[in-house]
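# Chain and residue survey
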Amino acid sequence: MKIWDAKYECMPREELEQLQLERLQATLNRAYKNVTFYRKMFHQADIIPENMQNLSGLAKIPFTTKEDLRMNYPYGMFAVPLREVVRVHSSSGTTEKHVVVGYTRNDIKAWTNLVARVMTAAGVTRDDMVQITFSYGLYTGAFGFHYGAEAIGASVIPTGTGNTEKQIMIMQDYKTTALVSTPTYAITLAERMEKLGINPKGLSLRVGLFGGEPLSEAMRGEIETRLDITATDNYGLSEIIGPGVAGECEYKCGMHIFEDAFIPEIVNPLTGEQVPAGSAGELVLTTLTKEAFPMIRYRTGDITSLVYAPCECGRTMIRMNKTMGRSDDMFIIKGVNVYPSQIKTVLAAIVGMEPHYQIVVDRKGARDLLEVHIEAVEGIFFDEMKKQKAFLEMVEKKLRSVIGVGAAVKLVAPNTIFRHEGTTGRVIDKRKI
Amino acid sequence: MLKVKNINTYYGKLHALKNISLHVGAGEIVALIGANGAGKTTILNTISAVTPPVNGEIHFGGALINDLSPDGVVRCGISQVPEGRQIFKPFSVDDNIELGAFLRFRAGEKRKEITQDKETVYALFPQLQERRKQLAGTLSGGEQQMLAIGRALMAKPKLLLLDEPAMGLSPILVQEIFRVIEELRRQQGTSILLVEQNARVALKVADRGYVLETGKVILEETASELLANKDVQRAYLGKDKKEIWER
C-alpha cells in the first residue's frame, strides 16, 4: 500500500534520532525564548534548555499538564504573536474552561501532511469520496481530516454531524467510499440502515477512519461486518495538533506515531517516571515542529504502551497500542496499577459483547480486595450450579492473567447496576469512603 | 552525509556555539540563517577544523572527523569557500584554480586528471576561462567569487561549505552564483551547506534551513516553510519590521 511521506515515515532510526534531537533542541530554545510559561518552568527547574544534549535528557524537564494550559487560558501558551496565528481551535473537554490552541500557516500545512499520512495508511487514495461526519467547529477532528483528504486529492463531503437519514442518503447517492466518524456513530449508521432496509453491502463504502473515542477490537469487528468496510484506528488530541499524531497501517497492529513531529514517552501516572520499554503507562508527548503552540512533555492522560518491533508495512516509526483508558481512572490494588478498561476488554472478549459490570475495591485488614460484579444475561447465566461455578472461575482466571491480581467475580441480578457512560464511575473504591 | 551533534565552540571565553546539531543529506542544499554574530560562520569554521569544537561530534560519511586537521578535512571531501573569497590576488586565475588541487598533487594524482577537472570548472564558469591568464586581483567581485568556488571544487569535494557567496555582489551576479550552486548539485550531486545574510536568495535554492540565534538553533524547517515563517520574515527578510504584538 502507498506511503504518503516515505522519506520521513520510513526514515532509518539513526537518521530519525538525529532529526529528533535537532528539532527538540530548536523547540526547547524557541519555547524558552517565546513562551513565558516555559521560561519560568525552566528557571524553576534550574534547566538551561540549550544544554539539552540527547533525547533521554527530556526526562529531566517538568511536565506540562492540562491544568497548566487552563491556567494560561486563552493565549498564554502561544509561542508566536496572535497576528501570525491563522486558526484557533479548542479542546473538546467538558470542563468549564477549555483549552485554546493556535496554528500558524506552517502549522496548518504540517497538520495537513500528518493527517494525509494517517489517511493514506488507512487506504484512502485520490479516487475516494470521503464523508466527514465530525462536527466542523472548535473541535479539531473535522478540519484535520478535511485537509488531509484534500491533500491526498480525494473528494471531501463535509456533512458534519447529525441527521443520520440524510447522511445515509448522501452515502448512497454521492457514492461515499470512505467514512470518517466516531465508532459509535458508525454503529448508529449501520442500525439505521437496517431499519430503513438498506443493505450496506450495496453501498460504495470501503474504508472507515475512526476517532474521537477508542476503537475497541469488538467494535472494530462489529463495524467491519455490519458496514462491510475496513476500519482503522488513529490517535490525536487538540493540545498536540488534533488528528494526525498516530494512525494504523493496513496491518492494524498498533498506531504508528509520527516521530519526526512528536516524541512519545510512557510514564508511570503516579510517579511521573518513565516506565520500562513496552510497559503500559500514561502517554506524554513533545511536539517537534509546532510553531504557534509547542508542547513540551504534555501529559495526555491516555494510558497506552509502545511497540518497538519493526512493522511489515515498512514504516520505521514506533507504534502505540489502543488507549486503555484515562490515567484519572486508574486504581491501585495490592500495589498493581489496574485500569477499568482492562477488565472491560476481558469481559467483552468472554461474553462477546460488553456486559454491564461494576468494579468494587475494598480493604479487609491490610488486604486489598477486588470484586467484579456482572449483570446476569443469557449466555453467562447457567441453571446448573457446576457450570455456573466453572464459568466464574474461568473469568477469574482470565482477569488474573491480564491485570496481574486476583479478582472475585460475582453475578448480580439484571438491571441492578447503574448505567455508565464509558469507563467513568465504573469503579467503587470503598477504601476511600 | 554530514551529521553534527552537540558541538560547542569557544573564542577564548566566548561560548560561540551552544550544542549545535544539524545534518546535510547527500545532494542536499542546506542554509544557515541568522543575524550577525549568531554563529553561522563559526559553524562552517568548526566543521572545517579552523576553529575546532571543544566537544561534540562531527560525522562525515559515517566517520568521526572531529580530530582532523583542516587539510585532513579537505582530504575527506569537505571544501570551504571562505567569506571574502580569500583568493591569491597576485597569482593568475589559472594558478589559483590549480592551487585548489594542491593536496591532489601532493597525493601524486596524475596531472592529466587534474587538468581535466580544471576544464570542468572552466565549463561551469566560462567567464573565468576568458581570463585564465589574468591576475586574480584584477577580477571583479563576482568573478573573484566564482574563482573562489572554482578553486574549492578542484579538491573534488562531496560537501561544499559556502560562506556568504552573495556578499557585495549585484543582484544579477548573485543570481549567477546561485545558478552555479544549483548546477553543481544537479551535475555532480554535491551537498552544500550555505551561510548567507541574504536569506531570501539562500532559501530559494535551499532544501532546508536552520535559524540561529546567539549560538543556538531555534528553528529547523524546509526552506519553503522558513520563507513563510513570519518570525523569519520579520528578522531576516526585512518584512513586517515594527509591529510587535504585546502580550
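Residues numbered from 1 in each chain as written. Chains lettered and ligands numbered in written order. Predicted model: local features only at pLDDT ≥ 70, side-chain atom pairs only at ≥ 80, totals over all residues.

### A few points about the interface of chain B and chain A
Contacts between the two partners involve 20 residues from chain B, matched on the other side by 21 residues from chain A. For the side of chain B that touches chain A, the elements supplying multiple residues, two or more each, are strand E1 (2-11), strand E2 (14-24), strand E10 (216-222), helix H10 (223-228) and helix H11 (230-236) of chain B. When the residues that make up the side of chain B that touches chain A are grouped by side-chain class, the tally is seven nonpolar, five polar and eight charged. (Contact = placed C-beta atoms within 7 Å. Helix = DSSP H or I, 4+ residues; strand = E, 2+ residues; numbered from the N terminus. Nonpolar A, V, L, I, M, F, W, Y, C, P; charged D, E, K, R; others polar.)

### Describing the domain arrangement of chain B
All names here are of chain B. The domains assigned to chain B are domain 1 (1-77 + 157-247) and domain 2 (91-156). Counting residues at the interface gives 13 residues for domain 1 and 11 residues for domain 2. Taken together, the elements giving at least two residues each to the side of domain 1 that touches domain 2 come down to helix H2 (70-75) and helix H8 (171-188). Per element, the largest residue contribution to the side of domain 1 that touches domain 2 is five residues, and it comes from H8. (Domains from an automatic or database assignment.)

### Section: the sheet that holds strand E15 (residues 325-326) of chain A
Residue and element names in this part refer to chain A. Spatially, the four strands line up as an open sheet ordered E10-E11-E12-E15, and their pairing is antiparallel. This sheet does not close on itself; its edge strands, each paired only once, are strand E10 (262-267) and E15. Here strand E11 (residues 281-287) pairs with strand E12 (residues 298-304) via four bridges, running antiparallel. Residue pairing across strands places valine 284 opposite arginine 299, the latter belonging to E12. (Pairing = 2+ DSSP bridges.)

### Things to note about helix H11 (residues 385-403) of chain A
Relative to the 27 Å expected for 19 residues at 1.5 Å per residue, H11 of chain A spans 27 Å between its end C-alpha atoms, a close match to the ideal helical length. In the segment just after H11 of chain A, glycine 404 of chain A is the residue with positive phi, at about 90 degrees. (Expected span 1.5 Å × (residues − 1).)

### Section: the nonpolar core
With 86 residues, the main nonpolar core has Met119, Val130, Val245, Ile257 and Phe262 of chain A as its most contacted residues. Among the elements that take part in this core, helix H5 (residues 105-121) of chain A stands out by supplying eight residues, more than any other. Every residue in contact with methionine 119 of chain A, bar those within four places of it in the chain, is listed here: Val124, Gly148, Ala149, Ile152 and Leu209 of chain A. Formed by 70 residues, the second largest nonpolar core is a distinct cluster that contains Ala16, Met154, Ile177 and Leu212 of chain B. (Core = buried A, V, L, I, M, F, W, Y, C linked by C-beta atoms within 7 Å. Buried ≥ 20, exposed ≤ 12 C-beta atoms within 10 Å, placed from the backbone.)

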